[in-house]
Amino acid sequence: MANGGPEIEQLIQLLARLPGLGPRSARRAVLHLIKKKDALMIPLSAALDRAVSAVTTCEVCGNVDTRSPCHICADPRRAESGLLIVVEDVADLWALERAGAGAVRYHVLGGVLSPLDGIGPGDLSIDALLRRSPDFSEIVLAVNATVEGQTTAHYITDRLAGSGVKVTRLAHGVPVGGELDYLDEGTLNQALKARTEI
């Protein structure tokens, strides 16, 4: 049952679509925004307007930024890095950056192979990864420890076989079924240091 006008209800419905927010949390967030209209709602609206026109996907790695190539790919300290870390999603890239992965470069797949969901190799940026692979001495497959993640890792490993590039994965310290974005920085950092060859 609607307690506000259609604009308020639409705002609640849109916020409820965000991860971690259900209808009740969205309603509380909207009420807070309304109470703090000048301090929060107006600046948030302006920031969203700016982000819609400014945010783009990096043509090199797949990160999201306000420019392409992104700040990570344009960083001259990373230009000579022979280490490429392959992740499923931008959230995983950001998690590794928070953990202090170092002056490495990234490649965002855009998901994982999932035949049940109709996601095949052509739906991911695997071909772009294969084109980039000769520029690196090591590729770390930092995919989630799920069935789909491991299937994707094996598929990429098979495609890179014979290329002369060392292929590794994160250590098993990452819990099975876990997702990188939910791990603490220490665990991620240790898992990256203890990576193993596939």
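Remember, predicted model here, so these are calculated numbers, not experimental data.

So, how was this worked out
- Residue numbers run consecutively from 1 along every chain, following the written order of its sequence.
- Per-residue local features of the predicted model are confined to residues with pLDDT of at least 70, and side-chain atom pairs are confined, for both listing and counting, to 80 or more; whole-chain, interface and lining totals are unaffected and use all residues.
- As a convention, hydrogens and water are excluded, and side-chain values are obtained from all of the structure's heavy atoms.
- The rule for a salt bridge is simple: a side-chain nitrogen of Lys or Arg has to be within 4 Å of a carboxyl oxygen of Asp or Glu.
- Three exposure classes are used, based on accessible area relative to the maximum for each residue type with a 1.4 Å probe and protein chains only: buried under 20%, partly exposed in between, and exposed over 50%.
- The secondary structure listing takes helices from DSSP runs of H or I that are at least 4 residues long and strands from runs of E that are at least 2 residues long, numbered from the N terminus.
- pLDDT gives the predictor's per-residue confidence on a scale running from 0 to 100.
- The term disulfide is used for any two cysteine sulfur atoms that are within 2.5 Å.
- As used in this record, nonpolar core signifies buried Ala, Val, Leu, Ile, Met, Phe, Trp, Tyr and Cys residues forming a set joined through side-chain atoms within 4.5 Å.
- The contact rule is simple, with two residues in contact once any of their heavy atoms fall within 4.5 Å.
- This arc describes the spread of directions from the helix axis toward the C-beta atoms.

Trainee: Explain the pattern of salt bridges to me, please; I cannot follow it from the model alone.
Mentor: Close approach of charged atoms lets side chains of opposite charge pair. Considering all chains together, one arrives at seven salt bridges under this definition. Arg78 is the partner of Asp75 in a salt bridge, and the nearest nitrogen-oxygen pair spans 3.3 Å. Each member of the pair, Asp75 as well as Arg78, is classed as buried. One salt bridge in this structure joins Arg159 and Asp127, with 3.9 Å as the shortest N-O distance. Taken together, the residues span a long stretch of sequence, with Arg159 in helix α7 (residues 147–160) and Asp127 in helix α6 (residues 126–132) at a distance of 32 residues. Accessibility expressed as a relative area gives 44% for Asp127, which makes it partly exposed.

Trainee: It is not clear to me how the confidence of the model for the protein chain should be interpreted in this structure. Could you clarify?
Mentor: Keep in mind that low pLDDT regions are not for reading the predicted coordinates in detail. Considering every residue of the protein chain, the mean pLDDT works out to 91; 97% of them sit at 70 or more. Of all helices and strands in the protein chain, the one with the weakest mean pLDDT is strand β7 (residues 196–197) (77), whereas strand β4 (residues 105–108) scores best (98).

Trainee: How should the state of the cysteines be read in this particular structure?
Mentor: Working definition: the covalent bond between the sulfur atoms of two cysteines is a disulfide. Enumeration over the complete set of coordinates arrives at zero disulfides. Here Cys70 stays free of any disulfide, with the sulfur of Cys61 as its closest cysteine sulfur at 3.8 Å. Here Cys73 is not cross-linked by a disulfide; its sulfur's nearest cysteine counterpart is in Cys61, at 3.6 Å.

Trainee: For this particular structure, what's the right way to read the nonpolar core?
Mentor: Here is a general trend for soluble globular proteins: nonpolar side chains tend to be buried in one another's company. Membership of the largest hydrophobic core comes to 25 residues, with the highest contact counts inside it found for Ile85, Leu96, Tyr106 and Leu170. Sorting the residues of this core by element identifies β3 (83–87), α5 (90–98), β4 and α8 (185–193) as the ones contributing at least two each. Sort the elements by how many residues they give to this core and α5 lands first, with four residues. Those residues within four positions of Leu96 in sequence are excluded, and the remaining contacts are Ile85, Val87, Ala101, Tyr106, Ala142 and Leu188. Grouped together as the second largest cluster of nonpolar side chains are 17 residues, Leu113, Leu130, Val143 and Val165 included.

Trainee: Help me out: how do you make sense of helix α1 (residues 6–16) in this one?
Mentor: At 3.6 residues per turn, the α-helix brings residues three or four places apart onto the same side. Those residues of α1 that sit buried are Glu9, Ile12 and Leu15. Along the long axis of α1, the arc covered by the buried residues comes to 130 degrees, so they all point the same way. Facing away from the buried side of α1 by over 90 degrees, the exposed positions are Pro6, Glu7 and Gln13. As for α1, its buried residues are in contact with α2 (23–35).

Trainee: Got a minute to help me understand the environment of Glu185 in this structure?
Mentor: On the secondary structure map, Glu185 appears in helix α8. With 100 residues separating them in the primary sequence, Glu185 and Ile85 have C-alpha atoms 16 Å apart. In this view, Glu185 contacts Arg98 and Ala99; residues no more than four positions away in its chain are not counted.

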